[in-house]
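Survey of secondary and tertiary structure
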Amino acid sequence: LAGALSQKGVQMAGGKGRNAYLYTLELGLYSSISLLISMFATKNGRKSLREEGSIFRYWTPFSLIPVTVRALGGVLTALVHKHAGATRKGFALILG
């Protein structure tokens, strides 16, 4: 279901389709907003923010490696959904 909705969101907007990079940015922004809301809405989230002082307190430069890889994976997924579709992507994952 998520693949079909993502494919529709990328392919169906205005004939040519949407920009896959902008689509990925929008999804990341919505995810970040919901994460921040849930962090401030829960008691444990507020407590950890008070005690730790910052979300990024224990980050090192190596912490950016998985963040960058996930971002590139999101862009690649959006490009595959735009040009090949979710069904072909599923078959490619299954059949190699």
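Above this text sits the structure in question.
Below, the structure is looked at part by part. Residue positions are given per chain, counting from 1 as you read along its sequence in written order. Per-residue local features of the predicted model are confined to residues with pLDDT of at least 70, and side-chain atom pairs are confined, for both listing and counting, to 80 or more; whole-chain, interface and lining totals are unaffected and use all residues. Calculated side-chain values reflect all of the structure's heavy atoms, with hydrogen atoms and water omitted.

Side note on the layout of surface pockets
Spelled out, the test is: A cavity here means a set of 1 Å grid points, computed over protein atoms only, where a 1.4 Å probe fits but cannot escape. A pocket is an open set with protein on both sides within 12 Å along at least 5 of 7 lines, and lining residues have an atom within 4 Å of a point. Grid points are joined across faces, edges and corners, and a volume is the space filled by probe spheres set on the points. Going along the chain from the N terminus, every DSSP run of H or I of four or more residues is numbered as a helix, and every run of E of two or more is numbered as a strand. When residues are grouped by polarity, Ala, Val, Leu, Ile, Met, Phe, Trp, Tyr, Cys and Pro land in nonpolar, Asp, Glu, Lys and Arg in charged, and all others, Gly among them, in polar.
Of the volumes computed, that of the largest pocket is approximately 420 Å³. Looking at the largest pocket, it is lined by 18 residues, and the ones nearest its centre are Thr24, Leu27, Gly28, Arg70 and Gly74. Counting residues per element, the ones that place at least two in the lining of the largest pocket are helix 2 (20-41) and helix 4 (64-83). At nine residues, the largest contribution of residues to the lining of the largest pocket is made by helix 4. Looking at the lining of the largest pocket, its residues break down into eight nonpolar, nine polar and one charged.

A closer look at a positive patch on the surface
Rules: Nonpolar side chains (Val, Leu, Ile, Met, Phe, Trp, Tyr) are joined into patches within 5 Å and like charges within 9 Å, using only residues with over 30% relative accessible area and no salt bridge. Shrake-Rupley sampling with a 1.4 Å probe provides the accessible areas, and residues are treated as covered by the protein chains on show and by no other component. The term salt bridge refers to a pairing of a side-chain nitrogen on Lys or Arg with a carboxyl oxygen on Asp or Glu at a separation within 4 Å. Charge counting follows a simple rule: Lys and Arg are positive, Asp and Glu are negative, and His as well as the terminal groups are ignored. Where a charge sits is defined by one atom per residue type, namely NZ (Lys), CZ (Arg), CG (Asp) or CD (Glu).
A surface patch of like charges, here positive, comprises Lys43, Arg46, Lys47 and Arg50. Secondary-structure assignment places Lys43 in helix 3 (residues 43-52).

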